Amino acid sequence: MIQGIFVVSVSDNFDERIDKKIFHAEIVVDNDKVAAEAKAYKKIPEILSFVDSHGEDKMKQEIEANYRQIKLDIVDVIESELERIKNDSDLQHLVQSYKAKRIGGIVNPFCFQHDYLTSMD
């Protein structure tokens, strides 16, 4: 197929019949109009740069640091909520007693009673 041509095949339901299940069409593009629009595009301003003072791109490291911090924050929320529930006489029955597994000094809440996870990654 050439650019702009597409073919569609649809299925129907027993109670909703579709007469035309296969059709094709063409998208017609006015290249001159698109080119004129493209000339008017404005560059999106850079909000944050990950390039350090030595010209090195640190985006991957920043993303990894954010990822690890989010995981630690999740562990903190789970620990605090488990503690809150454990100390609330109306909610205590919802949490069984547990033995948390510590990994690298961090309580891994996903390892209560089972050793499914062995690391934070």
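Residues numbered from 1 in each chain as written. Predicted model: local features only at pLDDT ≥ 70, side-chain atom pairs only at ≥ 80, totals over all residues. Heavy atoms only, no water.

Caption draft 1: Examining the overall build of the chain more closely. The secondary structure content of the chain amounts to two helices and four strands. Within the chain, residue pairs in contact and separated by at least 24 positions form 18% of the contacts whose partners lie at least 6 positions apart. As presented, the chain carries roughly 11000 Å² of accessible surface, and 56% of it is formed by carbon and sulfur atoms. (Helix = DSSP H or I, 4+ residues; strand = E, 2+ residues; numbered from the N terminus. Contact = heavy atoms within 4.5 Å. Areas by Shrake-Rupley, 256 points an atom, 1.4 Å probe, with all protein chains shown as cover.)

Caption draft 2: Just the pairing of strand E2 (residues 22-26), in detail. Of all the five residues making up E2, zero are buried; the element is thus mostly uncovered. With five bridges joining them, strand E1 (residues 5-9) and E2 adopt antiparallel strand pairing. Its bridge partner lying in E2, valine 8 is registered against phenylalanine 23. (Buried < 20%, exposed > 50% of the residue type's maximum accessible area, 1.4 Å probe, protein only. Pairing = 2+ DSSP bridges.)

Caption draft 3: Highlighting the pattern of salt bridges. Considering all chains together, one arrives at five salt bridges under this definition. For the salt bridge of glutamate 56 with lysine 58, the shortest nitrogen-to-oxygen distance reads 3.5 Å. On the basis of relative accessibility, which here comes to 26%, the residue lysine 58 falls in the partly exposed class. (Salt bridge = Lys/Arg side-chain N within 4 Å of Asp/Glu carboxyl O.)

Caption draft 4: Just helix H2 (residues 59-86), in detail. Between the first and last C-alpha of H2 there are 40 Å, a value that for 28 residues agrees with the 40 Å anticipated at 1.5 Å per step. Those residues of H2 not exposed but buried are Lys71, Val75, Leu82 and Ile85. (Expected span 1.5 Å × (residues − 1).)

Caption draft 5: Just the confidence of the model for the chain, in detail. A residue-level look at the chain finds 79% of positions with pLDDT of 70 or above and a mean pLDDT of 81. The lowest-confidence element of the chain is strand E3 (residues 101-103), averaging 53 in pLDDT; the highest-confidence one is helix H1 (residues 31-39), averaging 94. Per-residue pLDDT stays below 50 along residues 112-121; that stretch engages in 22 contacts with residues further than four places along the chain or on separate chains. (pLDDT = per-residue confidence, 0-100.)

Caption draft 6: Fine view of a nonpolar patch on the surface. On the surface, a nonpolar cluster with roughly 540 Å² of combined accessible area is contributed by Phe6, Val10, Ile18, Phe23, Ile27, Val29 and Val34. Within the secondary structure, isoleucine 18 is located in the loop between E1 and E2. (Patch = residues over 30% accessible without salt bridge, like charges linked within 9 Å, V, L, I, M, F, W, Y side chains within 5 Å.)

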